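Structure assessment
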Amino acid sequence: MKQFILFMMLASTLGACAQSNKESSKKNAITENGSITPIQLSPEEWKAKLTSEEYYVLREQGTERAFTGKYWDNKEKGTYLCAACQLPLFQSKTKFKSGSGWPSFYEPINDTNVATEKDTSLGMVRTEVHCARCGGHLGHVFLDGPKPTGLRYCINSVSLSFEKEE
Ligand code: FE
């Protein structure tokens, strides 16, 4: 039992280290993007702004359960914005049915608003996707998407808000 507790303590410490390194490299990546003015808030400020579920997904790289989000099956025309800072991220015309249970897009709204970073958490090598302005975690991008890009941006509904086209 003692060994188990020790292991859990060590695991959580390692997890926390990985988290803080990731956070600092993400900040640098955002600062270097000259066309977007970054939004940088402290964890306390984000907690005051976001719901606990939004904080978990956007600021702690969490994932909502498949088929539970607001937008995986949304077929309305419009624009998907960052739930934290309202930066436009994806358009409904690039949304497709992936069967994954998460909103899926084959491309972002432009080259600057959506940024990516290598993610080696959970013993996998994936490409993490985040908002280029506030750094909020959106999801991951995979290479098994449809034409014309072959990309599948697998995004949490929690990270998005939706602006319906008039
Ligand atoms: Fe944002």
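Residues numbered from 1 in each chain as written. Predicted model: local features only at pLDDT ≥ 70, side-chain atom pairs only at ≥ 80, totals over all residues. Heavy atoms only, no water.

1. Considerations on the overall build of the protein chain
- When helices and strands are tallied, the protein chain shows three helices and eight strands.
- Seen in sequence order, the protein chain has helices and strands lined up from the N terminus as α-α-α-β-β-β-β-β-β-β-β.
- Relative to its full complement of 166 residues, the protein chain shows a buried share of 42%.
- Taking all contacts inside the protein chain whose residues are at least 6 apart in sequence as the whole, residues at least 24 apart take part in 57%.
- Working note: accessible area of the protein chain is about 9,900 Å², and carbon and sulfur atoms make up 56% of it. (Helix = DSSP H or I, 4+ residues; strand = E, 2+ residues; numbered from the N terminus. Buried < 20%, exposed > 50% of the residue type's maximum accessible area, 1.4 Å probe, protein only. Contact = heavy atoms within 4.5 Å. Areas by Shrake-Rupley, 256 points an atom, 1.4 Å probe, with all protein chains shown as cover.)

2. Digging into the coordination of the iron ion
- Ligation of the iron ion by protein atoms is provided by C82 (SG), C85 (SG), C131 (SG) and C134 (SG), these donors lying 2.3 to 2.4 Å from the ion.
- The site at the iron ion holds four donor atoms, and with the angles between them running 101 to 117 degrees, its shape is tetrahedral.
- All donor residues of the iron ion come from one chain, and their arrangement in sequence is C-x2-C-x45-C-x2-C. Taken as a pair, C82 in strand β1 (residues 78-82) and C131 in strand β5 (residues 126-131) lie far apart in primary sequence, 49 residues in all. No difference in accessibility class separates C82 from C131, as the two residues are buried. (Donors = N, O, S within 2.8 Å, 3.2 Å for Na, K, Ca; no water. Tetrahedral: all angles 85-135°; square planar, octahedral: opposite > 155°, others 65-115°.)

3. Overview of the pattern of salt bridges
- Taken as a whole, this structure holds four salt bridges when the rule is applied.
- In this structure, K75 engages D73 in a salt bridge whose closest nitrogen and oxygen atoms are separated by 2.8 Å.
- A relative accessible area of 43% places D73 in the partly exposed class.
- Across the pair R152 and D144 runs a salt bridge, and its minimum N-O distance is 2.7 Å.
- R152 gets classed as buried once you look at its relative accessible area, which sits at 15%. (Salt bridge = Lys/Arg side-chain N within 4 Å of Asp/Glu carboxyl O.)

4. So, the side chain of R59
- For R59, the position within the fold is in helix α3 (residues 52-60).
- For R59, a relative accessible area of 11% translates into the label buried.
- Within the local environment of R59, its side chain forms a polar contact with the backbone oxygen of C134, the two atoms lying 2.8 Å apart. (Polar contact = N/O pair within 3.5 Å; in protein donor to acceptor, adjacent residues only side chain to side chain.)

5. As for the nonpolar core
- Among the nonpolar cores identified, the biggest contains 26 residues, and C82, L89, F90, Y153, I155 and L160 are the most heavily contacted of them.
- Where this core is concerned, the elements lending two or more residues are α3, β1, β2 (88-91), β5, β6 (137-142), β7 (152-155) and β8 (160-164).
- Those residues within four positions of Y153 in sequence are excluded, and the remaining contacts are F90, P103, S104, F105, Y106, E107, P108, V114, V129, H140 and V141. (Core = buried A, V, L, I, M, F, W, Y, C linked by side-chain atoms within 4.5 Å.)

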